[in-house]
Amino acid sequence: MDGLLQKQAGFDVDNLERYLARSFTETEKREVYASVLKAKRYTFIESGVTHPNFQALFSEVTTPAQQEKVRTALGALLAAA
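All of the points below concern the structure found in this document. If you're wondering where the values come from, they're calculated on a predicted model, not measured in any experiment.

1. Some thoughts on the packing of aromatic side chains
Each pair of aromatic rings is reported with the distance of its centres and the angle of its planes.
Here is step 1: Following the criterion strictly, the structure yields one aromatic pair and no others.
Here is step 2: Ring centres 5.5 Å apart and planes at 15° place the aromatic pair Phe54 and Phe58 in the stacked group. Separated by four residues within a single helix, Phe54 and Phe58 lie in helix α3 (residues 52–61), roughly one turn from each other.
Here is step 3: Looking at Phe54, the relative accessible area reads 34%, which means it is partly exposed.

Shown next as structure tokens:
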């Protein structure tokens, strides 16, 4: 999922450049990309996995070891955002 969000964030930066009819500097591209990716991660991952309905279902269909593995992966991913 995150790989798709990263790819889409890159496309969004390219589209923004075209829309504004100007090229960003590499620094600007990195900053815009980081902001877009952070927003996408929150929208499509963090807000979903923190929802009470997801939490309840997730607890029912996974073992404590699996839950910890997912928490660790999400913690690293969302901290990077």
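2. As for the nonpolar core
Here is step 1: Counting five residues, the largest nonpolar core consists of Leu5, Ala9, Leu37, Ile45 and Leu77.
Here is step 2: Elements with a minimum of two residues in this core: α1 (2–20) and α2 (26–49).
Here is step 3: Apart from the residues lying within four places of it in its own chain, the contact partners of Leu37 are Asp2, Leu5, Gln6 and Ala9.

3. Digging into unusual backbone geometry
Here is step 1: One non-glycine residue, Ala21, lies in positive phi territory at about 55°.
Here is step 2: Looking at the secondary structure, you find Ala21 in the loop between α1 and α2.
Here is step 3: Of the residues examined, Ala21 reaches a relative accessible area of 69% and is grouped as exposed.

4. Notes on the packing of α1 against α2
Here is step 1: The geometry of α1 relative to α2 is characterised by a closest axis approach of 9 Å and an angle of 135° between their N-to-C directions. Between α1 and α2, the angle falls in the class oblique. Between α1 and α2 the crossing geometry is right-handed. Of the residues in α2, those touching α1 at Asp2, Leu5, Gln6, Gln8, Ala9, Gly10, Asp12, Val13, Leu16 and Glu17 are Lys29, Val32, Tyr33, Val36, Leu37, Lys40, Arg41, Phe44 and Ile45.
Here is step 2: Residues that form the contact of α1 with α2 fall into these classes: 10 nonpolar, three polar and six charged.

5. Brief notes about the pattern of salt bridges
Here is step 1: Enumeration over the complete set of coordinates arrives at six salt bridges.
Here is step 2: Residue Lys29 pairs with Glu17 through a salt bridge whose shortest N-O separation is 3.8 Å. You can see Lys29 sitting in helix α2 and its partner Glu17 sitting in helix α1, a full 12 residues away along the chain.
Here is step 3: Classification of Lys29 as partly exposed rests on a relative accessible area of 26%.
Here is step 4: Measuring nitrogen to oxygen at the nearest pair gives 3.5 Å for the salt bridge that ties Glu28 to Arg22.
Here is step 5: Exposure remark for Glu28: the relative accessible area of 26% places this residue in the partly exposed category.
Here is step 6: Taken together, the shared-partner salt bridges connect Glu17, Glu26 and Lys29 into one network.

Reading the values: rules and limits
- Residues numbered from 1 in each chain as written.
- Predicted model: local features only at pLDDT ≥ 70, side-chain atom pairs only at ≥ 80, totals over all residues.
- Heavy atoms only, no water.
- Phe/Tyr/Trp six-rings, centres within 6.5 Å; stacked < 30°, edge-to-face > 60°.
- Helix = DSSP H or I, 4+ residues; strand = E, 2+ residues; numbered from the N terminus.
- Buried < 20%, exposed > 50% of the residue type's maximum accessible area, 1.4 Å probe, protein only.
- Core = buried A, V, L, I, M, F, W, Y, C linked by side-chain atoms within 4.5 Å.
- Contact = heavy atoms within 4.5 Å.
- Axes fitted to C-alpha atoms, helices over the stretch in contact; angles between N-to-C directions.
- Parallel < 35°, antiparallel > 145°, perpendicular 65-115°, else oblique.
- Left-handed = near helix turned anticlockwise from the far one by under 90°.
- Nonpolar A, V, L, I, M, F, W, Y, C, P; charged D, E, K, R; others polar.
- Salt bridge = Lys/Arg side-chain N within 4 Å of Asp/Glu carboxyl O.

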